[in-house]
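Each chain is listed here by its residues.
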Amino acid sequence: ETEAVSEAMAVFLTGATGYLGSYIGTELLDRHGQSLNLLVRAKDARDAEHRLWRAWQLHLDFPRFLEYLRTRVVIYCGDITEPNLGLSPHDYRRLCETTDSVIHAAATLNRRSEKSCLNVNLRGTLAVIKLAQAARDLHGLRRFSFVSTVAVAGHRQNETVGEDEAVEWSRSDYDPYARTKKFCELMVRELLPDVPITIFRPSIVLGDSRFPETTQFDMVRAFVFLAGLPVLPFRPNDRIDIVPADYVGEAIAYLHQKEKPLYDTYHLSSGVESETFRRLTDTLSAALGKMPPLYLPWLVRPFSATVGLLAGWRGTSVGYLASLLKVFLPYLVWNTVFDNSRVIGELGKKPVPFSRYCAGLLRFAKQGNFTYPYREWPEAVTVSVHH
């Protein structure tokens with residue numbers, strides 16, 4: 001009997017249809033042979049499966065996806081901002097009973113909307129913690145992993161930040177996203193004191209070091225724009241901490257599954273080996289066959305002011321691009337990197353530098369006009385595998 005129970009136990013993953021969530025979910029299935037409980041926002045089971053296929057096709061072909069869906073994935077149609085995750089009492093209990101550990105990766109990245117960050121990040125995390133407490137009370141919880149961000153470090157300049165020095169409550173935050181994530185970390189630690197906890201803080205997650213395809217284009221769009229400018233308002237030797245998504249996904253899955261990780265907090269970043277603007281723009285200019293830009297750091301103020309002004313042009317492509325830049329600009333000029341020696345020690349390898357794969361990523365993004373060529377759900381397969 002115990003064997004049947006342990007077989008049905010699964011990792012509860014939120015945010016599985018997000019960019020990073022797709023990496024974590026497929027990594028747990030492919031490399032760790034895990035079963036998964038997934039919370040997916042959808043109107044019904046069929047809709048949820050279609051959304052999951054859309055998110056995961058970057059990693060899986062359809063037959064393998066369907067095989068996982070039939071054998072090792074249970075989808076719960078719900079929403080972290082709803083009471084009891086939007087589940088019926090029966091489904092909520094079933095989720096509690098079959099959850100052996102939790103990876104909470106769902107979040108809003110809308111850095112401009114305080115309302116959205118409070119609702120999804122704060123209330124959503126509290127709802128997931130309550131589920132974790134219920135599972136813990138039923139049968140114990142193996143681990144609670146929370147995907148945070150290096151942005152919890154707040155305003156910084158010219159620093160290398162270690163995991164234990166990152167959160168200082170007296171320091172100002174860049175945006176509501178960073179502020180709510182910082183508070184979520186605190187909630188996880190305070191409300192699950194008797195559960196093993198792992199907090200992951202990715203830096204700027206951009207592309208995949210193994211292939212040029214991506215489904216996440218916001219930062220790529222900002223980079224393509226900046227790479228095309230003849231003049232840049234940055235200091236050429238400032239470093240920018242970029243990490244590929246495959247490294248982040250691998251680290252989260254591996255450390256979540258590890259019986260005793262050495263630490264409770266990890267920066268998933270490029271650390272002291274983060275590359276300089278000059279190194280990146282030289283690589284990109286060569287790939288695009290054009291002259292590298294001129295660096296005029298004193299332009300940063302007027303540039304920021306112009307970006308702020310253009311961001312007000314709502315509904316235009318210029319306005320959209322400017323609002324993206326406005327969000328990312330503080331992260332581009334802070335010249336701060338995040339010590340990653342912990343994760344390198346655990347994984348035994350470093351992340352691939354951005355300059356090694358950025359040319360392919362940018363080419364893919366530009367050729368497809370910043371869209372991913374999604375494959376549709378095959379017509380022949382209409383049955384929903386979850387009843």
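So, a few notes on the structure that sits alongside this text. All residue numbers refer to position in the chain's written sequence, counted from 1. Per-residue local features of the predicted model are confined to residues with pLDDT of at least 70, and side-chain atom pairs are confined, for both listing and counting, to 80 or more; whole-chain, interface and lining totals are unaffected and use all residues. In computing side-chain properties, one takes all heavy atoms of the structure into account and sets aside hydrogens as well as water.

Quick notes on the overall build of the chain
Next, step 1: Each helix is a run of H or I in the DSSP string that is no shorter than four residues. Each strand is a run of E no shorter than two, and both are numbered from the N terminus. Helix and strand counts for the chain come out as 14 helices and 15 strands.
Next, step 2: The principal-axis extents of the C-alpha atoms in the chain amount to approximately 70 × 50 × 40 Å.
Next, step 3: Note on classification: 1.4 Å probe, protein chains only; a residue is buried when its accessible area is under 20% of the maximum for its type, exposed when over 50%, partly exposed between these limits. A buried classification covers 54% of the 387 residues belonging to the chain.
Next, step 4: Only heavy atoms enter the contact rule, under which two residues are in contact if any of them lie within 4.5 Å. Summarising the internal contacts of the chain: among those between residues at least 6 apart in sequence, 81% fall at separations of at least 24.
Next, step 5: Reported accessibility uses the Shrake-Rupley method at a 1.4 Å probe radius. Residues are deemed covered only where the shown protein chains occlude them. Taken as a whole, the chain presents about 17300 Å² of accessible surface, with 53% of it coming from carbon and sulfur.

Considering the side chain of S145
Next, step 1: Among the structural elements, S145 can be located in strand 5 (residues 144–147).
Next, step 2: Ignoring sequence-local partners within four residues, the contact set of S145 consists of V102, I103, H104, T198, F200 and H256.

Quick notes on the packing of aromatic side chains
Next, step 1: For this analysis, a ring pair means two rings from Phe, Tyr or Trp (six-membered ring only for Trp) whose centres lie within 6.5 Å, classed as stacked if their planes differ by under 30 degrees, edge-to-face if by over 60, and tilted for the remaining angles. This structure, assessed with the given rule, holds 19 aromatic pairs.
Next, step 2: Measuring from ring centre to ring centre gives 5.3 Å for W53 and F65, while their planes differ by 45°; the resulting arrangement is tilted. Placement of W53 in helix 3 (residues 45–56) and of F65 in helix 4 (residues 62–71) is noted, with a sequence separation of twelve residues between them.
Next, step 3: W53 gets classed as buried once you look at its relative accessible area, which sits at 2%.
Next, step 4: Take F65: its relative accessible area is 2%, and that puts it in the buried class.
Next, step 5: With centroids separated by 4.5 Å and ring planes inclined at 10°, the aromatic side chains of F234 and F277 adopt a geometry described as stacked. Of the two residues, F234 sits in the loop between strand 9 (231–232) and strand 10 (239–240) while F277 sits in helix 10 (residues 277–288), which places them 43 residues apart along the sequence.
Next, step 6: Look at F234 and you get buried, because its relative accessible area is 2%.
Next, step 7: Ring pairs connect the aromatic residues W53, W56, F62, F65 and W377, which therefore count as one cluster.

As for the environment of V333
Next, step 1: Mapped onto the elements, V333 comes out in helix 12 (residues 317–333).
Next, step 2: V333 sits in the partly exposed class, given a relative accessible area of 26%.
Next, step 3: In the structure, V333 is positioned 58 residues away from E275 in sequence and 13 Å away in space, judged by C-alpha atoms.
Next, step 4: Aside from chain neighbours lying at most four places away, what touches V333 is Q157, F234, R235, D238 and V300.

Some points on empty space enclosed by the protein
Next, step 1: Points on a 1 Å grid, built from protein atoms alone, make a cavity when a 1.4 Å probe fits but cannot get out and make a pocket when they are open with protein on both sides within 12 Å along at least 5 of 7 lines; residues with an atom within 4 Å of a point are the lining residues. Grid points are joined across faces, edges and corners, and a volume is the space filled by probe spheres set on the points. Applying the stated rule across the entire model yields one cavity of 30 Å³ or more.
Next, step 2: Its volume calculated, the largest cavity comes out at about 80 Å³.
Next, step 3: The wall of the largest cavity is formed by F223, L226, A227, L232, F234, F277, L280, T281, L284 and L332.
Next, step 4: Those elements giving two or more residues to the lining of the largest cavity turn out to be helix 8 (218–228) and helix 10.
Next, step 5: For the lining of the largest cavity, the element with the most residues is helix 10, which contributes four residues.

Here we look at the pattern of salt bridges
Pairs can form between side chains of opposite charge whenever their charged atoms are close.
Next, step 1: By definition here, a salt bridge exists when the distance from a side-chain nitrogen of Lys or Arg to a carboxyl oxygen of Asp or Glu is within 4 Å. For the structure on display, the rule yields 24 salt bridges.
Next, step 2: Between E273 and K350 there is a salt bridge, and its shortest N-O distance comes to 2.7 Å. With a gap of 77 residues between them, E273 in the loop between strand 12 (265–268) and strand 13 (275–276) and K350 in the loop between helix 13 (341–347) and helix 14 (354–367) connect regions that are remote in the sequence.
Next, step 3: The exposure class assigned to E273 is partly exposed, which follows from its relative accessible area of 49%.
Next, step 4: It is possible to trace a salt-bridge network through shared partners that takes in E27, R31, E250 and K349.

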